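Topology and contacts: notes
What follows is each chain in one-letter form.
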Amino acid sequence: PPTMLLVRLPMLVASNGRRPDMKLKSSDYHLFLSHVWSTGQDACATIKTQLQLLLPNVKIFLDVDDLKDIGMLEEYIEESQVVVMFLSRGYFRSRNCLRDVRAAIEMGKPLILVHEADPGKGGGTLQ
């Protein structure tokens, strides 16, 4: 018979020792990952995977998995509770990334900024 290995993955807990409340109130996604495809796609896929391991019920919008129509970017942001901006080379030159930023600010969405500093992975200074 095949041998099975049981691995227990860590789970994020709140400061009160309980698991976070992952119920979505009026949104379809907990997070929207905004990134420029050429330099942020791989890192954002990793971020999504790692968060799903730590928070199994988390719903994260990532274009390669969830985008059905590029014309609906603003609607996807509206359906998300928080927007993560993955800042890598070309982010602020991307028309679609600027649409993400504008929509998030206009809708008052909380923003989380993640800066890729490694030049080998599309990062650099923000100056």
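Here the structure is a predicted model, which is why all the values come from computation and not from measurement.

What counts and how
- Residues numbered from 1 in each chain as written.
- Predicted model: local features only at pLDDT ≥ 70, side-chain atom pairs only at ≥ 80, totals over all residues.
- Heavy atoms only, no water.
- Helix = DSSP H or I, 4+ residues; strand = E, 2+ residues; numbered from the N terminus.
- Buried < 20%, exposed > 50% of the residue type's maximum accessible area, 1.4 Å probe, protein only.
- Contact = heavy atoms within 4.5 Å.
- Areas by Shrake-Rupley, 256 points an atom, 1.4 Å probe, with all protein chains shown as cover.
- Core = buried A, V, L, I, M, F, W, Y, C linked by side-chain atoms within 4.5 Å.
- Pairing = 2+ DSSP bridges.
- Axes fitted to C-alpha atoms, helices over the stretch in contact; angles between N-to-C directions.
- Expected span 1.5 Å × (residues − 1).

What follows is about the overall build of the chain. The helix and strand inventory of the chain stands at four helices and four strands. Out of the 127 residues in the chain, the part that is buried amounts to 36%. Summarising the internal contacts of the chain: among those between residues at least 6 apart in sequence, 69% fall at separations of at least 24. Just so you have it, the chain exposes about 8600 Å², and 56% of that area is on carbon and sulfur atoms.

In this section: the nonpolar core. In this structure, Phe32, Phe61, Ile77, Val83, Met85 and Tyr91 are the most contacted members of the largest nonpolar core, which totals 15 residues. With residues up to four places along the chain from it excluded, the contact list for isoleucine 77 reads Phe32, Val83, Asp100, Ala103, Ala104, Met107 and Lys109. Of all hydrophobic cores here, the second largest spans 10 residues; its members include Cys44, Leu55, Ile60 and Val82.

This part covers the sheet that holds strand β3 (residues 80–87). The strand order β2-β1-β3-β4 describes an open sheet built from four strands, whose pairing is parallel. What marks the edges here is a single partner per strand, and that holds for β2 (60–61) and β4 (111–115). Sheet topology places strand β1 (residues 29–34) next to β2; two bridges connect them, and they run parallel. Each bridged residue has a counterpart across the sheet, and for phenylalanine 32 the counterpart in β2 is phenylalanine 61. Against the sheet, helix α1 (residues 37–54) touches β1, β2 and β3, its axis set at about 135 degrees to β3. Contacts from helix α4 (residues 95–106) reach β1, β3 and β4, with the element oriented near 140 degrees to β1.

Taking 1.5 Å of rise per residue, 18 residues should cover 26 Å, and α1 covers 25 Å from first to last C-alpha, within 8% of that figure. Within the span of α1, buried status applies to Thr39, Gly40, Gln41, Cys44 and Lys48. If you follow the buried residues of α1, they end up packed against β1, β2, α2 (63–66) and β3.

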